[in-house]
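Structural overview for review
Listed below are the residues making up each chain.
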Amino acid sequence: MALESASLLKAGLVLLLAAHVLPSVSGCHTGYYEMAINDFCLTKFRLDMAGLDRGLWCSWKDTMEIYEGTTNCTYQVALKMDCFWPNQIVDRFFVQIHRIYFHDCALTGRLLHDPPTSILAPFIAVPVLITLLMTALVVWRSKRTEGVL
């Protein structure tokens, strides 16, 4: 019994040691990763946004390229530093960006809109016409009794 508890204690200590050593060996140092995306990605984002008129900050059409570049930057830094992407650091990074640059933006520019009538009309008209045609065919066929059996 004492032998089993000693081996169980050893296994527990090995697991505890592995839990502390393996994350540091895995390659991603989160502190350096956070510092790197702030130094490279956030600095570039700030410069790009400073070059854009403040009135256009809420225009997705005008900020999309800058935003995609920043997203790609965080991804490329994560690859170079052997970090998983996306992660909590990236989430906090983009929440920080949104709090600073996009907090006054209304949702109206990003809400879903109905497609144009030229696209929507066929998707409505075709099923309605097929339903009417099938109804007429059933009624016409039910009136003709010859050769039904």
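Just so it is clear, the model here is predicted, and its values are computed rather than measured. Each chain has its residues counted from 1, running along the sequence as written. With pLDDT at 70 or above as the cut-off, local features in this predicted model cover only qualifying residues; side-chain atom pairs require 80 or more to be listed or tallied, and sums for whole chains, interfaces and linings still use all residues. Working from all heavy atoms in the structure, the side-chain values ignore hydrogens and water.

1. Things to note about the state of the cysteines
The definition used for a disulfide is geometric: two cysteine sulfur atoms within 2.5 Å. Summed over all chains, the structure comprises 3 disulfides. Across the disulfide, C28 is cross-linked to C83 (sulfur-sulfur distance 2.0 Å). Taking the torsion about the S-S bond as the criterion, the C28 to C83 disulfide, at about 90°, is right-handed. Linking C28 in the loop between α1 (2-25) and α2 (30-50) with C83 in the loop between α3 (60-80) and α4 (88-101), this pair joins segments that are 55 residues apart in sequence. For the exposure calls, accessible area comes from a 1.4 Å probe over protein chains only, and a residue counts as buried if that area is under 20% of its type's maximum, exposed if over 50%, partly exposed in between. You can call C28 partly exposed: its relative accessible area is 21%. Given a relative accessible area of 10%, C83 falls into the buried group. In this text, helices come from DSSP runs of H or I with a minimum length of four residues, and strands from runs of E with a minimum of two, each type numbered from the N-terminal end.

2. Structural notes on the pattern of salt bridges
Salt bridges are defined as contacts in which a side-chain nitrogen from Lys or Arg sits within 4 Å of a carboxyl oxygen from Asp or Glu. Under the definition given, this model contains 1 salt bridge. Among the ionic pairs, D48 bridges to K44, the shortest N-O distance being 2.8 Å. Of the two residues, D48 and K44 are both situated in helix α2; the distance of 4 residues between them amounts to about one turn of the helix. Classification of D48 as partly exposed rests on a relative accessible area of 26%.

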